[in-house]
Amino acid sequence: CVGVSTLGALAYNLLPLCSGCDDVICPVMDARRSQVYNAVWRGGKRLCADRLITLDTLGQELSELPENVKIHFCGDGARLAMSKIELPNISETPDNLIWQNGYSVARAALDKYRAEGAMTGEQLAPIYLRASQAERERTAGKN
């Protein structure tokens, strides 16, 4: 088994397009409440770990990029991000590259396998960036 990040797999949609350039790939998944799950790649290199971030904070981070650096959003939060983050260097991502697909998941898994090897089924486990609402409410009730 090889576990891959959903955000990482989404970035693989655009990595071939951005190979050898300084463009930013910004996969975003809608986490509701003006937040997104996100990671950022530039020039084909991952710049940050998967994270939960507000759209305002993400917009501020991206506004610090030089205007000649194109920003490509992908993921189910791409349209939301493009509607909330108004920057002149946001590039329209073709519809077929916005959504997760099996090919990109397989490419991400292959690269991870080559770098780190495989894991057993027992080692494979999901990684959640935010506790479920039920867990948050239960924790809030204990305080």
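The preceding data block contains the structure.
What counts and what doesn't
- Residues numbered from 1 in each chain as written.
- Predicted model: local features only at pLDDT ≥ 70, side-chain atom pairs only at ≥ 80, totals over all residues.
- Heavy atoms only, no water.
- Buried < 20%, exposed > 50% of the residue type's maximum accessible area, 1.4 Å probe, protein only.
- Helix = DSSP H or I, 4+ residues; strand = E, 2+ residues; numbered from the N terminus.
- Arc of directions from axis to C-beta.
- Contact = heavy atoms within 4.5 Å.
- Pairing = 2+ DSSP bridges.

Q: What exactly am I supposed to notice about helix H2 (residues 55-63) here?
A: Residues that lie three or four places apart on an α-helix share one face, since the helix turns once every 3.6 residues. Every buried residue of H2 is accounted for by Leu55, Leu58, Gly59 and Leu62. Buried residues in H2, looked at end-on, bunch into an arc of 100°, giving them a common side. In this structure, the buried side of H2 is in contact with strand E1 (24-32), strand E2 (35-38), strand E5 (51-54), strand E6 (71-74) and helix H3 (78-84).

Q: Looking at this structure, how should I read the environment of Gly3?
A: Its location among the elements puts Gly3 in the segment before helix H1 (6-18). For Gly3, a relative accessible area of 17% translates into the label buried. Separated by 115 residues in sequence, Gly3 and Ala118 place their C-alpha atoms 8.6 Å apart. If sequence neighbours within four positions are ignored, Gly3 has contacts with Lys112, Met119 and Leu124.

Q: What should I look at first to understand the pairing of E1 in this one?
A: Each regular strand shows side chains that alternate between the opposite faces of the sheet. Strand direction decides the pairing type here: E1 and strand E3 (residues 41-42), joined by two bridges, are antiparallel. Counted as the bridge partner of Val24 is Arg42 from E3. Bridge count for E1 against E6 is four bridges, and the pairing is parallel. Bridging across to E6, Ile25 finds its partner in His72. Pairing of E1 with E2, which is carried by four bridges, proceeds in the antiparallel orientation. Across the sheet, Val28 pairs through a bridge with Asn38, a residue of E2. As consecutive antiparallel partners, E1 and E2 are separated by two residues, and within that stretch Arg33 has a phi angle of approximately 55°, a positive value.

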